[in-house]
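# Results of the structural survey
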Amino acid sequence: MTFRRSLRKNFVVCKKLAADDLVSLIRKFQGNKVMVFDRALAGPTNLIAPPKILESHGVTKILPLETGVLPPDIPETILFICRPLVHLMPKIVSCIQNEERKGRQKSYHLCFVPQKSLLCTKWLEAKRYISKLSSVEELPLLLFPLDTDVLSLELESTYKEFYVENDPTSMYYIAKALVFLQRKYGIPNSIFGKGQGAKFVYELMQSIQQETGTIKPQIIGAKIENIILIDRQVDLLSPLVTQLTYEGLIDEFYGINCNHVKLPGEKFAEVKNPGDKKTVVLNSSEALFAEMRDKNFSAVGGLLRAKTKEIQDILVQKDTAQSLGEMKRLVQQLPAVNTLKQSISNHTSIAELLKKNTESDDFLSSLECEQELLNGMGNDRVNPHIEDLCSKKAPFLKLLRLLIIQCITCGGLKPKVLQDYERLIIHNYGFEQVLSLRRLNEIGLLKGQSANRAYSVLRRAFNLIVCDGSETTPEDFAYVHSIYAPLSIRLVQHRLKPNLWNSVRESLQSLLPGPIVDEETEISLVQNSVVSVDKNSPKTTLVVFIGGCTYAEISALRFLAQHEDDWEFLVVTTKVINGNTFLTNLFDPLGKKVDAA
């Protein structure tokens, strides 16, 4: 899909501002220096300032923050950059201890992202290491640009922290990020949200705005019309459903991290050694990927064939060109043709890898089971396919995704069905998985049946299942999961269409958890006099996912924008997730046990 105009250009300003903040920090320290990154920040930081930019400002090495030894051949200045998390402090202390034992005189600096932590500094004081740091800084990086229409806070634990651990820290970061965007683009006309997390963020935004005073937009000619806050708690089903878009499937099978994916080298000619990985960068700067990413995988083969024929036609024209003018025009096309040839080669290899996975019996049988559950078929008994997965000791997360889908779609499991599943899991995966099942029960993902069967009502009210839609030429965004339209995106669609919204508004309170925020904002006279927006440009809605979103949900929003002339969507998410990463994070620190099963 091609990208729309307007605010996306100005959205890129966020990347430049973040890069400027990072460079300003580096310039504080003279001479050569080494940067030691918390692993969770290495990828996001690369999005705003690639290594070449850091090298141009005296950074000679970029290292991961690990317990133990730093290499010997590093400059005197060492800059630790990490999240304000206490469990990272012993790693910093360990690095300093090792350097001191070897008699190396260094200058140590610590920088917290996005802000300093009193808890961390108190821990360092208690261990008597705060005095060994020449400075303690903070770097207010909140938003990392994954693409021209997607910003991520790269906070993978937001849902668990808020709903399991009662820790609102991430909510404060989200609110600060949204107020930052308002300072750039102005206050929106309306703010809508659903869920406890959405209400919490909205109230924090109000509090921050009251403290900082009147907001005057700094970027002229850009305007966010609406903000929609989607709390992940409102739609726990969509992340668990298998993504069937090209980008979504890459994430499902291989995991995309900050636009980078490591793939088996077997299909890539340039990878010579068996077992080596091929790292591919995925973003809209590559024209072919921008066109492919949001398509259902069944449409990808036809697109690649069409692009290959397009190149062949150009090469035939080059060989048959008669006039000098024709020759000149075709020669000018050659650089773009060569770039496209390389893209086709890469994505043909990726498509072959995906095809191998999607045509396997295991994948197809699980997908069939998933779609039956989404259709409400056989939800009131032990599912034969899930039972079979248990007996085969299939990957535990794969089993759990289907089990939770069954639980959500039938409003909880009957007591006997729940007991049977627990017995099967303990027998096949070990008694330690009792802890995993207990965690799911505490969160409400695996529970006994109640009288409130919300999903069956929501399925009809929001038309969540579209069985007769086309996957190659879709008319509804349900194509991103083949038959299932993500509830989160249906909410956005209904909220922006008054006739649809009026038909479901009253029932939302009882069908979905958490309060509703629905406020028309008072835009100051100062803002109205400053902001000048093209009335013919599409209205921009900022969709904020609190607790993460999937690539399929992003694709669904892009589809909506393409089919509604006056809509444009920009996404802010705490993290791009899939069913496996969402569940793995919930089980932490049980994650290793779950993954190994």
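It should be noted that the structure appears before, not after, this text.
These notes cover the structure that comes with them. (Residues numbered from 1 in each chain as written. Predicted model: local features only at pLDDT ≥ 70, side-chain atom pairs only at ≥ 80, totals over all residues. Heavy atoms only, no water.)

## Digging into the packing of helix α20 (residues 487–495) against helix α21 (residues 498–511)
Interhelical geometry of α20 versus α21 gives an angle of 125 degrees and a closest axis separation of 8 Å. One element, α20, and the other, α21, form an angle in the oblique class. Contact residues: Leu491, Gln493, His494 and Arg495 in α20; Leu500, Trp501, Val504 and Leu508 in α21. For the contact of α20 with α21, the class distribution of residues is 5 nonpolar, 2 polar and 1 charged. (Axes fitted to C-alpha atoms, helices over the stretch in contact; angles between N-to-C directions. Helix = DSSP H or I, 4+ residues; strand = E, 2+ residues; numbered from the N terminus. Parallel < 35°, antiparallel > 145°, perpendicular 65-115°, else oblique. Contact = heavy atoms within 4.5 Å. Nonpolar A, V, L, I, M, F, W, Y, C, P; charged D, E, K, R; others polar.)

## Focus on helix α16 (residues 396–409)
With 14 residues, α16 extends 20 Å from end C-alpha to end C-alpha; this agrees with the ideal 20 Å at 1.5 Å per step. By the criterion of burial, α16 is predominantly enclosed, with 12 of the 14 residues buried. When α16 is considered as a whole, its buried residues turn out to be Phe396, Leu397, Leu399, Leu400, Arg401, Leu402, Leu403, Ile404, Ile405, Gln406, Cys407 and Thr409. Where α16 terminates, the next one or two residues include Gly411, which has phi positive at roughly 65 degrees. (Expected span 1.5 Å × (residues − 1). Buried < 20%, exposed > 50% of the residue type's maximum accessible area, 1.4 Å probe, protein only.)

## What about the packing of aromatic side chains?
Per the stated rule, a full pass over the model turns up 13 aromatic pairs. Ring centres 6.4 Å apart and planes at 50 degrees place the aromatic pair Tyr172 and Tyr173 in the tilted group. Here Tyr172 falls in the partly exposed class, since its relative accessible area comes to 30%. What makes Tyr173 buried here is its relative accessible area of 7%. Ring plane angle 45 degrees and centroid distance 4.9 Å describe the contact between Phe396 and Tyr429, whose orientation is recorded as tilted. One end of the pair, Phe396, is in helix α16; the other, Tyr429, is in helix α17 (residues 415–429), with 33 residues separating them in the sequence. For the pair Phe396 and Tyr429, a shared accessibility class is recorded, and that class is buried. Clustering of aromatic rings is evident, with ring pairs tying together Tyr159, Phe162, Tyr163, Phe200 and Phe582. Directly above the ring of Phe477 sits Arg490, whose terminal nitrogen or CZ lies 4.6 Å from the centroid. (Phe/Tyr/Trp six-rings, centres within 6.5 Å; stacked < 30°, edge-to-face > 60°. Lys NZ or Arg CZ within 6 Å of the ring centre and 35° of its normal.)

## Focus: the pattern of salt bridges
Tallied over the full model, the rule gives 32 salt bridges. Notably, a salt bridge pairs Arg558 with Asp149, separated by 2.8 Å at the nearest N-O pair. Here Arg558 is found in helix α23 (residues 551–563), whereas its partner Asp149 is found in the loop between β6 (144–147) and β7 (150–152), with 409 residues between them in sequence. The partner of Asp476 in a salt bridge is Arg490, and the shortest N-O contact between them spans 2.9 Å. Within this pair, whereas Asp476 is found in the loop between α19 (454–461) and α20, its partner Arg490 is found in helix α20, the two being separated by 14 residues in sequence. Residue classification places Arg490 among the buried positions, given a relative accessible area of 2%. Several salt bridges share partner residues, and in doing so they unite Asp147, Glu247 and Arg293 into one network. (Salt bridge = Lys/Arg side-chain N within 4 Å of Asp/Glu carboxyl O.)

## Here we look at the pairing of strand β11 (residues 277–281)
Where burial is concerned, the two faces of β11 differ: the one with Lys278 and Val280 is buried and the one with Lys277, Thr279 and Val281 is not. Summarising the sheet, strand β10 (residues 260–264) and β11 pair through 5 bridges and their orientation is antiparallel. From the neighbouring strand, Leu263 faces β11, where its bridge partner is Lys278. (Pairing = 2+ DSSP bridges.)

## Observations concerning the state of the cysteines
What the rule picks out here adds up to 0 disulfides. Free of any disulfide, Cys410 has its nearest cysteine sulfur in Cys407, 6.0 Å distant. Given the relative accessible area of 3%, Cys410 is considered buried. (Disulfide = S-S within 2.5 Å.)

## A look at the sheet that holds strand β2 (residues 59–64)
The 5 strands are arranged β2-β1-β3-β4-β5 in an open sheet whose pairing can be described as parallel. Strands with a single pairing partner mark the edges of an open sheet, and in this sheet they are β2 and β5 (133–138). If you compare each strand with its neighbour and ignore which way they point, the axes differ by 20 degrees on average. In the sheet, strand β1 (residues 33–37) pairs with β2 via 5 bridges, with the strands oriented parallel. In the strand pairing of β2, Val36 is matched with Leu63.

## Description of the sheet that holds strand β12 (residues 516–520)
Overall, mixed pairing links the 7 strands, which are arranged β6-β7-β14-β13-β9-β8-β12 in an open sheet. In this open sheet, the two edge strands, each paired with only one partner strand, are β6 and β12. For this sheet, the mean angle separating the axes of adjacent strands, direction not counted, is 20 degrees. Contacts from α23 reach β7, β13 (539–546) and β14 (567–573), with the element oriented near 165 degrees to β14.

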